[in-house]
Amino acid sequence: MFKILGAEFIAPGIKRFLIEAPRIARKHQAGQFVILRLDEHGERIPLTIESANGKRGTISLVVQSVGKTTYQLNALKEGDGILDVVGPLGKPSKIEKFGTVVIVGGGVGTALAYPTTVALKRAGNRILTILGGRNRDLVILEEEMRAVSDALYVTTDDGSYGQKGLVTDRLRELLASEGDIRLVLAVGPVPMMKAVADLTREKGIHTVVSLNPIMIDGTGMCGGCRVLVGGKSQFACVDGPEFDAHEVNFEVLMQRNRTYREQEKRSLEEYQSRQRGGGESAEESTCLVGGVKP
Amino acid sequence: MSPVKEPSANPLTLKERMKVPRQQMPEQLAELRVMNFTEVNLGYSTELARQEALRCLECAKATCMEQCPVGVKVKEFVKLIVAGDYLGAAAKVREDNVLPAITGRVCPQEDHCEGACLLHKKVESLGIGYLERFVADYEQRMGASMAPNAPATGKKVAIVGSGPAGLSAAGDLVQKGHKVHVFEALHEIGGVLVYGIPEFRLPKQVIREQIDKMREMGVEFETNVVVGKTVAIDELFEEEGYHAVFIATGAGLPVFLNIPGEHLNGVYSANEFLTRINLMHAYEFPTYDEPMLDLHGKHVAVIGGGNTALDAIRSARRLGAEKAYVIYRRSETEMPARIEEVKHAKQEGIEFRVLTNPVEFLDDGKGWLKGARCVQMELGEPDASGRRRPIVIEGSEFEIPLQVAVIATGTSANPLIQSTTPGLKTNKWGYIEANGESQRTSRKGVFAGGDIVTGAATVILAMGAGRRAAKSIHEFLSTGEW
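Cut-offs applied
- Residues numbered from 1 in each chain as written.
- Chains lettered and ligands numbered in written order.
- Predicted model: local features only at pLDDT ≥ 70, side-chain atom pairs only at ≥ 80, totals over all residues.
- Heavy atoms only, no water.
- Helix = DSSP H or I, 4+ residues; strand = E, 2+ residues; numbered from the N terminus.
- Rg over C-alpha atoms; globule rule 2.2 N^0.38 Å.
- Buried < 20%, exposed > 50% of the residue type's maximum accessible area, 1.4 Å probe, protein only.
- Contact = heavy atoms within 4.5 Å.
- Core = buried A, V, L, I, M, F, W, Y, C linked by side-chain atoms within 4.5 Å.
- Polar contact = N/O pair within 3.5 Å; in protein donor to acceptor, adjacent residues only side chain to side chain.
- Buried area = accessible area lost by both parts, 1.4 Å probe.
- Salt bridge = Lys/Arg side-chain N within 4 Å of Asp/Glu carboxyl O.
- Nonpolar A, V, L, I, M, F, W, Y, C, P; charged D, E, K, R; others polar.
- Patch = residues over 30% accessible without salt bridge, like charges linked within 9 Å, V, L, I, M, F, W, Y side chains within 5 Å.
- Areas by Shrake-Rupley, 256 points an atom, 1.4 Å probe, with all protein chains shown as cover.
- Phe/Tyr/Trp six-rings, centres within 6.5 Å; stacked < 30°, edge-to-face > 60°.
- Lys NZ or Arg CZ within 6 Å of the ring centre and 35° of its normal.
- Pairing = 2+ DSSP bridges.
- Axes fitted to C-alpha atoms, helices over the stretch in contact; angles between N-to-C directions.
- Disulfide = S-S within 2.5 Å.

Peer 1: Would you mind showing me how to read the overall build of chain B here?
Peer 2: A tally of regular secondary structure across chain B gives 19 helices and 16 strands. Against the globule reference of 23 Å for 482 residues, chain B gives a C-alpha radius of gyration of 23 Å, in line with a compact fold. Going through the 482 residues of chain B one by one, you find that 60% of them count as buried. Here the contacts in chain B between residues at least 6 apart in sequence split such that 69% fall between residues at least 24 apart.

Following this line, the structure appears as structure tokens:
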């Protein structure tokens, strides 16, 4: 059992957990993820590690309520436990001094981009960050990201905060105004990552995305997380999760992520009706950002 | 045939023994079992076991034992059954095999002990697997205590992977007095035994009981540790104080066919399909959270002819598949699956499409599988594996309508440990190089065995490697010599 040392909502439906996991904390590198299982009947889901403290033996995860498991997880509190947490999995982000780097974080994707941004900043890169969300509440980690960015821009779909529009609108402007962007890292909903890739492809700017497909074991054993990259099958768990955005077949990724949509819907509905039936309020079960897998 | 020289409790003459027919394994009716996941084979009663044991010729040169990868003393344990000492028989098996309830169920006996049985030449071979299972289950029911371990040596051994190779080594090493710690990447102990082999062939309860016995013997287990990621081999030595490490991580990554359409929804690797069902209980969705496609009324095919392929397609049948096919590119003779599994599969209405090979998975236009385009094959000259090579018959293309396809054509080496352990040599396929007898690798104190060395094989071959590794590790720990 992995003990939850802290849990707080940082936005509606988005919770940050501090979890005791000494082995994982010690080995974590930016860009890696864990797989967790809540209880004996639970499914295994991958979640990117937001930060880790090797000395204290803790990791933090930022979780958005999207499906049954993430709703159930986000109902847990300090002092509760998670049955299984395994990691750190996947290849770490490639960190070196590129020059000017643009970070694009969409919704909860910002939390996943955060550790890599910190590492890139530390490596001496100039960091330009674009954070996007559907509305003001879903722009997360703004202060943390600002602290490691040379400039930070916010866009919201509804214009409730920052510039009204999509992250790609701001990115297009940056690509025009900034002369020498060496790397773009985009983490967020699949359609957002695809749009970023389409934009930078024209300019030939190296772009990296972090993929979060359906996954079970996370060690390469099942092959469920296979994605088409450069026309070849790659396993997101061992070959990724980060890939060259211009090589990723996003259509196949989206299509495969829809495989269990009916079952996922049913699972969530039954969970929520049980919660209501039990007299407990489904805690903070509010907003979703479209497209982000739990 | 060698004459009986040793004293025997068997009242029958050799001629009489050969007249006793092989005792049939009681099994669930095919019509019923396709609707459940409970075990197909029900196990011998005491009477059936006695009757079967009487058939043993008690050969002076027991080839059955020579052919056993872990060296189970077949003749001796069968004699104890004849004498009515079932616990003694179980203890005799345990001297060489820490997982008798498991091997008694899943070992391809026809390739080992039963294939070597002298009876096999005249009539049907002795039901050694059935007898092994009988004594293991009997021991479990009676709650027999384990033989005591040797005095503690103060040496610590890390075992990476809790599948058959790892468990087999762990059992032998703990008995020698070493402290044994098994790391498992998944949340359950057992490796392929829990994620790969379905309940109807190897009940989880049986695995749990065998694992519990190992815990009683003093073996420690730690789940959720991916060695190579969560901790490196070097750290096990330098920071955690282990004196030897045995790598038994299994076969690894599923191989796909590299044909168009493999990314369609509805195309699975056998590992994923079986993991969802076995490890994650997806067939009990939504009681369990892991989802699975609804197979009721669907047409499902597995590609491949091994035990994994049959496990997958028989599972699909139980999950409601209306049509269930095995698509295999050679003929039934070349199929690597256990004979009993092929028999059971046929009883369950699985259709065998042999000498058939898929060349493309077909899209329904919305990203879901709608069928497979296949070609017919014929057999040519034997290839490197000794099996006759399948050759495409020109112009033989045809389509099979399918909603789900499961690819069970093999695995390739998982690189996680190799890539994080400097100086650990691998072969050109990425498997770890280890001496075939000592299981020693290129790194001092590091041993490897099972599928991560040989590529995908069987439970019993992995257990054999585990035993050899245990022996070799014990020698290394005792002498310090590499």
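Let's pick the thread back up.
Peer 1: I would appreciate a short explanation of the nonpolar core in the present structure.
Peer 2: When a protein is soluble and globular, its nonpolar side chains tend to lie buried together. If you look at the biggest cluster of nonpolar residues, it comprises 82 residues, and the most contacted ones within it are Phe 77, Leu 131, Ile 159, Phe 246 and Ile 473 of chain B. With 9 residues, helix H19 (residues 459-479) of chain B is the single largest residue contributor to this core. Excluding residues that lie within four positions of it along the chain, Leu 131 of chain B makes contacts with Tyr 44, Ala 49, Glu 52, Ala 53, Phe 77, Val 78, Ile 81 and Leu 126 of chain B. Listed in part, the 58 residues of the second largest apolar core include Phe 33 and Val 104 of chain A together with Ala 301 and Ala 405 of chain B.

Peer 1: Is there a simple way to think about helix H7 (residues 250-257) of chain A in this case?
Peer 2: Counting along an α-helix, one turn takes 3.6 residues, and residues three or four places apart therefore face a common direction. Of all 8 residues in H7 of chain A, 6 are buried, a share of seventy percent or more. Among the residues of H7 of chain A, those classed as buried are Phe 250, Val 252, Leu 253, Gln 255, Arg 256 and Asn 257 of chain A. In this structure, the buried residues of H7 of chain A make contact with helix H6 (190-203), strand S13 (207-210) and strand S14 (226-229) of chain A together with strand S6 (267-269) of chain B. At the N-terminal end of H7 of chain A, a side-chain oxygen is found 3.2 Å from the backbone nitrogen of Glu 251 of chain A, two or three residues along, and the residue is Asn 249 of chain A.

Peer 1: Would you take a moment to explain the interface of chain A and chain B for this structure?
Peer 2: When the parts come together, some accessible area is lost, and that loss is often what is quoted as the size of the interface. At the junction of the two partners, chain A supplies 48 residues and chain B supplies 46 residues. Taken together, the two surfaces of chain A and chain B that pack against each other cover about 4,000 Å², and 52% of this comes from carbon and sulfur. Applying the counting rule to chain A against chain B returns 5 salt bridges. Note that Glu 239 of chain B is salt-bridged to Arg 26 of chain A, the shortest N-O span being 2.5 Å. At the junction of chain A and chain B, the tally comes to 27 residue pairs in polar contact (both at pLDDT 80 or more). The set of elements that each furnish at least two residues to the side of chain A that touches chain B consists of helix H1 (22-27), helix H2 (68-74), strand S7 (84-89), S14, strand S15 (232-235), H7 and helix H8 (261-277) of chain A. Tallying contributions element by element places S7 of chain A first for the side of chain A that touches chain B, with 6 residues. Residues that form the side of chain A that touches chain B fall into these classes: 16 nonpolar, 16 polar and 16 charged.

Peer 1: Quick question: what am I supposed to make of a nonpolar patch on the surface here?
Peer 2: Residue and element names in this part refer to chain B. Residues Leu 29, Leu 32 and Met 35 make up a contiguous nonpolar surface patch of roughly 350 Å² in combined accessible area. Note that Leu 32 resides in helix H2 (residues 30-33). Assessed through its relative accessible area of 47%, Leu 32 is described here as partly exposed.

Peer 1: Just checking my understanding: could you explain the packing of aromatic side chains for this structure?
Peer 2: Between two aromatic rings, the relevant description is the distance of the centres plus the angle of the planes. Residue and element names in this part refer to chain B. Tallied over the entire structure, the rule returns 12 aromatic pairs over all chains. On the numbers, 4.3 Å between centres and 15° between planes, the contact of Phe 37 with Tyr 283 is stacked. A residue pair is termed long-range when its members are at least 10 positions apart, and Phe 37 in the loop between H2 and helix H3 (46-53) and Tyr 283 in the loop between helix H15 (270-279) and strand S7 (299-303) qualify at 246 residues. Overall, the relative accessible area of 11% leaves Phe 37 in the buried class. For Tyr 283, a relative accessible area of 26% translates into the label partly exposed. Their ring planes at 80° and their centres at 5.2 Å tell us that Phe 476 and Trp 482 sit as a pair that is edge-to-face. Here Trp 482 falls in the partly exposed class, since its relative accessible area comes to 39%. Members of the aromatic cluster, connected to one another through ring pairs, are Phe 37, Phe 200 and Tyr 283. One residue, Arg 440, lies across the ring of Trp 482, its end atom 4.7 Å from the ring centre.

Peer 1: Looking at this structure, I do not really get the pattern of salt bridges. What am I missing?
Peer 2: Any two side chains of opposite charge can pair, on the condition that their charged atoms come close. Tallied over the full model, the rule gives 57 salt bridges over all chains. In this structure, the salt-bridge partner of Glu 222 of chain B is Arg 23 of chain A, at a minimum N-O distance of 2.9 Å. Of the two residues, Glu 222 of chain B sits in strand S3 (residues 220-222) while Arg 23 of chain A sits in helix H1, which places them in two different chains. Under the relative-accessibility criterion, Arg 23 of chain A is labelled partly exposed at 22%. The salt bridge partner of Glu 399 of chain B is Arg 373 of chain B, with a shortest N-O separation of 3.1 Å. You can see Glu 399 of chain B sitting in strand S13 (residues 398-401) and its partner Arg 373 of chain B sitting in strand S11 (residues 369-382), a full 26 residues away along the chain. On the basis of relative accessibility, which here comes to 23%, the residue Arg 373 of chain B falls in the partly exposed class. Connected through salt bridges with shared partners, the residues Glu 27, Arg 33, Arg 201, Asp 311, Arg 314, Arg 318, Arg 338, Glu 340, Glu 341 and Glu 348 of chain B form a single ionic network.

Peer 1: Can you help me understand the sheet that holds strand S9 (residues 351-354) of chain B in this one?
Peer 2: Sheet strands pair via backbone hydrogen bonds, and the direction of the pair is either parallel or antiparallel. All names here are of chain B. Taken in spatial order, the 5 strands of this open sheet run S6-S14-S7-S8-S9, and their pairing is parallel. Strands with a single pairing partner mark the edges of an open sheet, and in this sheet they are S6 and S9. In this sheet, adjacent strand axes meet at a mean angle of 20° when their direction is disregarded. Relative to S9, strand S8 (residues 323-328) is paired through 4 bridges, and the arrangement is parallel. By the bridge assignment for S9, Ile 327 is matched with Arg 353.

Peer 1: Looking at this model, I keep getting lost on the state of the cysteines. Mind explaining?
Peer 2: Simply put, the disulfide is a covalent bond whose two ends are the sulfur atoms of two cysteines. Summed over all chains, the structure comprises 0 disulfides over all chains. No disulfide involves Cys 237 of chain A; its nearest neighbouring cysteine sulfur is the one of Cys 225 of chain A, lying 3.7 Å away. Of the cysteine sulfurs around Cys 64 of chain B, a residue in no disulfide, the closest is that of Cys 56 of chain B, at 6.5 Å. Of the residues examined, Cys 64 of chain B reaches a relative accessible area of 12% and is grouped as buried.

Peer 1: Before we go on, may I ask you to explain the pairing of S7 of chain B in this structure?
Peer 2: Sheet faces and side chains relate simply in a regular strand, where the side chains alternate between the two faces. Residues and elements named next belong to chain B. Among the 5 residues of S7, 5 are classified as buried, and the element is accordingly described as predominantly covered. Residues His 299, Ala 301 and Ile 303 point to one face of S7 and Val 300 and Val 302 to the other, with burial holding for every one of them. For S7 and S8, the ladder comprises 5 bridges, and the chain directions are parallel. Across the sheet, residue Ala 301 finds its bridge partner in S8, namely Tyr 325.

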